[in-house]
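Fold and geometry: a report
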2 protein chains.
Amino acid sequence: MSRLTTEERQTMIIDEAIKIIHSGGYEALSIREIAKQVKISEPAIYRHFLNKEDIILGILNRMLEFDKLLNKNIAAAKSAKQKIRQFVLFHFEFLENNPEMTSVLFSEEMYNQSEILKKKLVFIIQKRKQLLKVILDDAKNSGELIDVDNFELMSIILGTIRIIVMEWRLSNFSFQLTDRGKSMLKILDKLILL
Amino acid sequence: MSRLTTEERQTMIIDEAIKIIHSGGYEALSIREIAKQVKISEPAIYRHFLNKEDIILGILNRMLEFDKLLNKNIAAAKSAKQKIRQFVLFHFEFLENNPEMTSVLFSEEMYNQSEILKKKLVFIIQKRKQLLKVILDDAKNSGELIDVDNFELMSIILGTIRIIVMEWRLSNFSFQLTDRGKSMLKILDKLILL
DNA sequence: TTTTTGTTAGTGAGTGTTAACTATTTTATT
DNA sequence: AATAAAATAGTTAACACTCACTAACAAAAA
């Protein structure tokens, strides 16, 4: 067996960790299982991560990469209206292509493990809310959005996205998430866009 | 120590189990910890429940009791409009008075333990959706509701309730949930009621 | 006397993590 | 360019601990 660099192993370890959570929930995520999937010994894991918490932190950093993609995607949209649509649709598109990330998204137990993890999760959520807030403020300024409190609108949009993804999971991914997202977006259009 | 009946012990065990989940997440829910809190030995737990899954099933049945209360509360409302408002508000009122139930609500790992548990959870969610569906259908028939697909409206309402409760949890219950619920309801009123 | 609720002691399996050591790769020196 | 030294990535074996659950027995209540 040839040795790999820490960066390569870290990537493999995070990859497999996400897969394990997807197939067996956070409870199934053990150092033993990761080692088995990555095909190295358990102690070798500790060459690349400080401890289990550090691995979970790595998973959370993967979620930040989604945010980068989301930002790029939205920057390309022209009108504020289009930005809102892209914000919603890109969530569904990304998760449809990366269904294992929904498991990460809903593994609340995982973030409950330590204050560091919880803070990081709150940070990620906060960042996404901030992005949506800027878009909604723009939309309101350009008269494209209904005149109600943006703070509440954010909860409506994010809550609706989240529960649809949850329904998708509970149905064992049995429907096309983007299709469902599109029909949801139509209604949302009617309700909040002018 | 005086002996108690199975019914009394079962109630105590479920009570403590919920408390444990609330303070330490599902991961903290062990037979050992329950026994410690109830102040009986571990094997004594097995006099009153078949196994751990059976205890979780008991917790899920507690959630069904909320549904009974919700049904009563809604039956008292006169107009369909009022029923929608009550459906939303009662969720917030109940959880504000029983914050530990939010932990149960969000312990997804718990229901992932077995197919039986997952099915029971899906059943509970399905039941609550059905209740909301009937209300929305009524509201539409009596011309009190905006004319969009009710299926999508259900996701918007349930998703918004859920994410507000999630925000409440992540803030360590630092704001008044019912107040937040009321201002949310105002916006929802504007958006979907005629 | 029988049933029910409790106890103590113990099972095998799984957990994250560490100590001690080895093999490979990279860097520095001859 | 060849070789010695240092750093890195891996191993096996074991640590102390927690897990859900059970056998065997005791005491209280019906």
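Residues numbered from 1 in each chain as written. Chains lettered and ligands numbered in written order. Predicted model: local features only at pLDDT ≥ 70, side-chain atom pairs only at ≥ 80, totals over all residues. Heavy atoms only, no water.

Moving on, we get to the packing of aromatic side chains. Residue and element names in this part refer to chain A. Enumeration over the complete set of coordinates arrives at seven aromatic pairs over all chains. Aromatic pair Phe-66 and Phe-94: ring centres 4.6 Å apart, planes at 50 degrees, arrangement tilted. Taken as a pair, Phe-66 in helix α4 (residues 52-75) and Phe-94 in helix α5 (residues 80-97) lie far apart in primary sequence, 28 residues in all. Plain terms: the ring middles of Trp-168 and Phe-173 are 4.7 Å apart, the flat faces sit at 90 degrees to each other, and that makes the pair edge-to-face. (Phe/Tyr/Trp six-rings, centres within 6.5 Å; stacked < 30°, edge-to-face > 60°. Helix = DSSP H or I, 4+ residues; strand = E, 2+ residues; numbered from the N terminus.)

Here we come to the nonpolar core. Counting residues in hydrophobic clusters, the biggest one holds 139 residues, and the most contacted among them are A:Phe87, A:Ile192, B:Phe87 and B:Ile192. With near-sequence residues (within four places) excluded, B:Phe87 lies in contact with B:Leu70, B:Ile74, B:Arg128, B:Leu131, B:Leu132, B:Ile135, B:Leu158 and B:Ile161. (Core = buried A, V, L, I, M, F, W, Y, C linked by side-chain atoms within 4.5 Å. Buried < 20%, exposed > 50% of the residue type's maximum accessible area, 1.4 Å probe, protein only. Contact = heavy atoms within 4.5 Å.)

Moving on, we come to the protein's contact with DNA strand D. Close to DNA strand D lie 22 residues; A:Arg3, A:Arg9, A:Ser41, A:Arg47 and A:His48 are nearest. Sugar plus phosphate: this is where 46% of the atoms of DNA strand D within 4 Å of the protein reside. When residues of the surface near DNA strand D are traced back to their parent elements, those giving at least two are α1 (6-24) and α3 (42-45) of chain A together with α2 (31-38) and α3 (42-45) of chain B. Within the surface near DNA strand D, the residues separate by chemical class into eight nonpolar, six polar and eight charged. (Near = heavy atom within 4 Å. Nonpolar A, V, L, I, M, F, W, Y, C, P; charged D, E, K, R; others polar.)

All names here are of chain A. Under the domain assignment used here, chain A contains domain 1 (1-49) and domain 2 (52-192). Once you take the C-alpha centre of each, domain 1 and domain 2 turn out to be 27 Å apart. Residue-level contacts link 14 residues of domain 1 with 18 residues of domain 2. Across the domain 1 to domain 2 interface the summed buried area is about 1400 Å²; carbon plus sulfur atoms make up 74%. Ranking the residues of domain 1 by area buried against domain 2 places Ile-18, His-22 and Tyr-26 at the top, with a combined share of 46%. At the junction of domain 1 and domain 2, the tally comes to one salt bridge. Taken together, the links from domain 1 to domain 2 amount to five residue pairs in polar contact (both at pLDDT 80 or more). Among the secondary structure elements, those contributing two or more residues to the side of domain 1 that touches domain 2 are α1 and α2 (31-38). It is α1 that contributes the most residues to the side of domain 1 that touches domain 2, eight residues altogether. Of the residues assigned to the side of domain 1 that touches domain 2, the class counts are 11 nonpolar, two polar and one charged. (Domains from an automatic or database assignment. Buried area = accessible area lost by both parts, 1.4 Å probe. Salt bridge = Lys/Arg side-chain N within 4 Å of Asp/Glu carboxyl O. Polar contact = N/O pair within 3.5 Å; in protein donor to acceptor, adjacent residues only side chain to side chain.)

Tallying the contact residues gives 42 residues for chain B and 42 residues for chain A. With both sides pooled, the region where chain B packs onto chain A buries about 3400 Å², and carbon together with sulfur makes up 61% of that total. If you sort the residues of chain B by the area they bury against chain A, B:Glu109, B:Glu152 and B:Leu191 come out on top, with a joint share of 18%. The interface formed by chain B and chain A contains four salt bridges. A salt bridge links A:Lys129 to B:Glu167; the shortest N-O distance between them is 3.2 Å.

Here α4(A) spans 36 Å end to end across 24 residues, near enough to the 34 Å set by a 1.5 Å rise per residue. Among the residues of α4(A), the N-terminal cap falls to A:Asn51, whose side-chain oxygen and the backbone nitrogen of A:Glu53 are separated by 3.3 Å. (Expected span 1.5 Å × (residues − 1).)

Near DNA strand C lie 22 residues; those nearest to it are A:Arg32, B:Arg3, B:Ser41, B:Arg47 and B:His48. In the interface set of DNA strand C, defined as its atoms within 4 Å of the protein, sugar plus phosphate atoms amount to 45%. B:Ser41 is positioned with one of its side-chain polar atoms (N or O) 2.5 Å from a phosphate oxygen of DNA strand C. B:His48 is positioned with one of its side-chain polar atoms (N or O) 2.5 Å from a phosphate oxygen of DNA strand C. Taken together, the elements giving at least two residues each to the surface near DNA strand C come down to α2 and α3 of chain A together with α1 (6-24) and α3 of chain B. Classifying every residue of the surface near DNA strand C by side-chain character gives eight nonpolar, six polar and eight charged.

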